[in-house]
Number of protein chains: 2
Amino acid sequence: MPIDVIRVDDPADPRLADFVGLTDVALRRRREPEEGMFLAEGEKVVLRAVAAGFRPRAAFLEERWLPGLADALAAAGAPAYVAAPEVLEQVTGYVVHRGALVAMERRPLPEPAELLASSRRLAVLEDVVDHTNLGAVFRSAAALGVDGVLLTPRCADPLYRRSVKVSMGAVFSVPYARAASWPECFDEVTGAGFRLLALTPAPDAVALPDLVPAERDALLLGTEGDGLSARALAAADLRVQIPMEGGIDSLNVAAAAAVAFYALRYAVRQ
Amino acid sequence: MPIDVIRVDDPADPRLADFVGLTDVALRRRREPEEGMFLAEGEKVVLRAVAAGFRPRAAFLEERWLPGLADALAAAGAPAYVAAPEVLEQVTGYVVHRGALVAMERRPLPEPAELLASSRRLAVLEDVVDHTNLGAVFRSAAALGVDGVLLTPRCADPLYRRSVKVSMGAVFSVPYARAASWPECFDEVTGAGFRLLALTPAPDAVALPDLVPAERDALLLGTEGDGLSARALAAADLRVQIPMEGGIDSLNVAAAAAVAFYALRYAVRQ
């Protein structure tokens, strides 16, 4: 199928609707799920989304990025709106350093039960609302052998542009599901045979280096500010802490996740 | 000493010079070291800087943050410029969520030789230019038992506002030095009796879980984009990799640092 290349120079062109106002986080967070789309930015991330089976529906890019994306767009029958960098900036609201944006179709998420059945090591994220942290957790999960991610209802959207970018595309490859209700979702995890581990800075929790991995572990991670809720801590089978020094009482949630994923996968105390 | 409280409503007030144009990264990166100052933002971070012995030279804040900072400012004889949130925004260029900025005096950094002599576990950062990553590495270093950080000449400034904030003040408590020359600094590290470990995604490097810590280890971390330079890799005694799966070839440098610091401090393979 030949690719449909359309040159645009009017930032108000209605065919660019998918790409308008990308710096308005509140708007995009509402619109993108409603419209069943998300945005992948930069050739590498776009090609990872396509490789993971996501379907492009339109591209908005500088001419020089067309060759690398042409096959993927042609295969999906997606039009390529080619424009100058200034037009990209006017439409999106920012300087598109990576020069290419592709609007992709969302796919239905698996049910939590399905995710639980197919995972051995699981991350359960409670109300992680920061897109950067969420993306970083997915990147570490993919690298360090976590099979799936369960999100509580209030977690941010892994397919939001910033999460996608920070995850380096890991949000496409690590299966995830969104729980329908909180805190009932925790019982669902333990009911599926997981040991539910709550990562907490509490000094009386089991030290991570002393933790012996179980057959099926689910690692519960909370928000940066408040940490895990009392309900999450109560639902856990075991509370686990990363030993810390230097008067520091917590790590960034993405750093803590990476350390805990690594420990579950590879390591015990010397 | 009573505190000198000055109410300001003119954003052009010349006494606010320390706080002008904070969103102009290029300007601030030049000005702050030249003028021997840096900015701490928010009560918690300011008090950590003061606790670490840094001296406030002026505060620019909303009224409601004055009580928590008054003692620290009074002890240093630093004036408090009190203003409405709109004035803070006009001067700084952004909405100051934490409501309080304090300009602090820099102190001379230790010489690398001094840092090397007083450290057992060291992080050596090669050209880490991203302030967020730099701050996150310091936070993990403080929490996970790294005694000092050596920066190559091109690394970003740990006292830049964003680094300070992301580090949660760890840039005040973890000693660091800046090497005068690259790549000679690597020889200085090994000359001081450290085993120099290069963290790399190279699959033929020693797997981190198999690494047995030495008496004195220096962990060499590179930039996100290109990783360590060939010179850094050549200077290292040993190349070490975090084993990765899922088609992911690297972690974010802050996540990789946290995992490696943890492994050096606590863990070997199961």
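Residues numbered from 1 in each chain as written. Chains lettered and ligands numbered in written order. Predicted model: local features only at pLDDT ≥ 70, side-chain atom pairs only at ≥ 80, totals over all residues. Heavy atoms only, no water.

Draft legend 1. Broad picture of the environment of Pro85 of chain A. All names here are of chain A. Considering the arrangement of structural elements, one finds Pro85 in helix H4 (residues 85-92). The exposure class assigned to Pro85 is partly exposed, which follows from its relative accessible area of 41%. As a C-alpha pair, Pro85 and Gly99 span 14 residues in sequence and 7.4 Å in three-dimensional space. (Helix = DSSP H or I, 4+ residues; strand = E, 2+ residues; numbered from the N terminus. Buried < 20%, exposed > 50% of the residue type's maximum accessible area, 1.4 Å probe, protein only.)

Draft legend 2. Quick look at the domain arrangement of chain A. All names here are of chain A. Split by domain assignment, chain A resolves into domain 1 (5-105) and domain 2 (112-266). Domain 1 and domain 2 are separated by 31 Å when their C-alpha centres are compared. Domain 1 puts 18 residues into the contact, and the matching count from domain 2 is 10 residues. Buried area between domain 1 and domain 2, summed over both chains or domains, comes out near 1,300 Å², and the portion from carbon and sulfur atoms is 63%. (Domains from an automatic or database assignment. Contact = heavy atoms within 4.5 Å. Buried area = accessible area lost by both parts, 1.4 Å probe.)

Draft legend 3. Just the nonpolar core, in detail. Membership of the largest hydrophobic core comes to 124 residues, with the highest contact counts inside it found for Leu125 and Phe261 of chain A together with Leu125, Leu144 and Phe261 of chain B. Not counting chain neighbours up to four residues away, the residues in contact with Leu125 of chain B comprise Leu134, Val137, Val149, Leu150, Leu151, Thr152, Cys155 and Leu221 of chain B. (Core = buried A, V, L, I, M, F, W, Y, C linked by side-chain atoms within 4.5 Å.)

Draft legend 4. Layout of the side chain of Asp127 of chain B. Tracing the sequence through the fold places Asp127 of chain B in the loop between strand S6 (121-125) and helix H6 (131-143). Apart from residues lying up to four places away in sequence, Asp127 of chain B is in contact with Thr152, Arg154, Cys155 and Thr223 of chain B.

Draft legend 5. Spotlight on helix H11 (residues 253-266) of chain A. Residue and element names in this part refer to chain A. Along its 14 residues, H11 runs 20 Å from first to last C-alpha, staying within 8% of the 20 Å computed at 1.5 Å per residue. Of all 14 residues making up H11, 13 are buried, and the element is well covered by its neighbours. Its side-chain oxygen at 2.6 Å from the backbone nitrogen of Ala254, Asn252 defines the N-terminal cap of H11. (Expected span 1.5 Å × (residues − 1). Polar contact = N/O pair within 3.5 Å; in protein donor to acceptor, adjacent residues only side chain to side chain.)

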